[in-house]
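# Topology and contacts: notes
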Amino acid sequence: MTLGKFIQERVRLKGITDKAVAEALHISARSVPNIYSAKEIPTSRVALLSVLLNEDIYYNYYKNFETVAPVVSAQIDDLIQKIKTLENTIFDKERLIQSQAALIESLQANK
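Residues numbered from 1 in each chain as written. Predicted model: local features only at pLDDT ≥ 70, side-chain atom pairs only at ≥ 80, totals over all residues. Heavy atoms only, no water.

### Points about the overall build of the protein chain
The secondary structure content of the protein chain amounts to six helices and zero strands. In the protein chain, the order of α-helices and β-strands from amino to carboxyl end is α-α-α-α-α-α. Its C-alpha radius of gyration of 25 Å places the protein chain more than 25% over the 13 Å reference for a compact globule of 111 residues. Along the three orthogonal principal directions, the C-alpha set of the protein chain runs to about 85 × 30 × 20 Å. (Helix = DSSP H or I, 4+ residues; strand = E, 2+ residues; numbered from the N terminus. Rg over C-alpha atoms; globule rule 2.2 N^0.38 Å.)

Next up, the structure:
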């Protein structure tokens, strides 16, 4: 299925008219079928359609492609690992700040 056909399917599924699509894209209603049959759709139009459909069209279109899924999964795993590393770094720095604050308080009390 092409991206255009996928968009057409999502538009129909959500009950959105070609007139509404045309208004969102700032084109005539007669031009809308050309979007559905186009070999390439500009990212700017896909972004506007994503807003109209209230969904991430690129993600929903490409997530089911077997060649893309492992890449996305690997990227997600990598990001999760980076988040965990950053959380640990934050925790360590918070402990260091608490230790330094206690030391400062102790030194000030001994003056």
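Alright, that's what it looks like, and here's the rest.
### Section: the nonpolar core
Ranked by size, the top nonpolar core spans 17 residues in total, and within it Leu3, Ile7, Val11, Val21, Tyr36, Leu49 and Ile57 carry the most contacts. Of all elements in the fold, only α1 (3–13), α2 (18–25), α3 (32–37), α4 (43–53) and α5 (57–62) reach the threshold of two or more residues within this core. It is α1 that provides the largest number of residues to this core, a total of four residues. Look past the residues within four positions of Ile57 in its chain and what remains in contact with it is Leu3, Phe6, Ile7, Val46, Leu49 and Ser50. (Core = buried A, V, L, I, M, F, W, Y, C linked by side-chain atoms within 4.5 Å. Buried < 20%, exposed > 50% of the residue type's maximum accessible area, 1.4 Å probe, protein only. Contact = heavy atoms within 4.5 Å.)

### So, the environment of Lys5
One can find Lys5 in helix α1. In sequence terms Lys5 and Asn64 are 59 residues apart; their C-alpha atoms lie 15 Å from each other.

### Notes on the packing of aromatic side chains
For the structure shown, the criterion picks out three aromatic pairs. Look at Phe6 and Tyr61: their rings are 5.4 Å apart centre to centre, the planes differ by 55°, and that puts the pair in the tilted class. Of this pair, Phe6 sits in helix α1 while Tyr61 sits in helix α5; the two residues are 55 residues apart in sequence, bridging distant segments of the chain. For the pair Phe6 and Tyr61, one class covers both residues: buried. Each ring, one from Tyr58 and one from Tyr62, has its centre 6.2 Å from the other, and the planes form 25°; the classification is stacked. Taken together, the residues Tyr58 and Tyr62, both in helix α5 and four residues apart, mark about one turn of the helix. Connected via pairs of aromatic rings, a cluster forms that spans Phe6, Tyr58, Tyr61 and Tyr62. (Phe/Tyr/Trp six-rings, centres within 6.5 Å; stacked < 30°, edge-to-face > 60°.)

### Observations concerning α2
Counting along an α-helix, one turn takes 3.6 residues, and residues three or four places apart therefore face a common direction. Among the residues of α2, those classed as buried are Val21, Ala22, Ala24 and Leu25. Buried residues of α2, seen end-on, are gathered within an arc of 165° and therefore sit on one face of the element. Along α2, exposed side chains directed more than 90 degrees from the buried face belong to Lys19 and Glu23. On the buried face of α2, the contacting elements are α1, α3 and α4. Phi turns positive, to about 60°, at His26, one or two residues after α2. (Arc of directions from axis to C-beta.)

Note that every value here comes from positions in space, so none of it alone points to a role or purpose.
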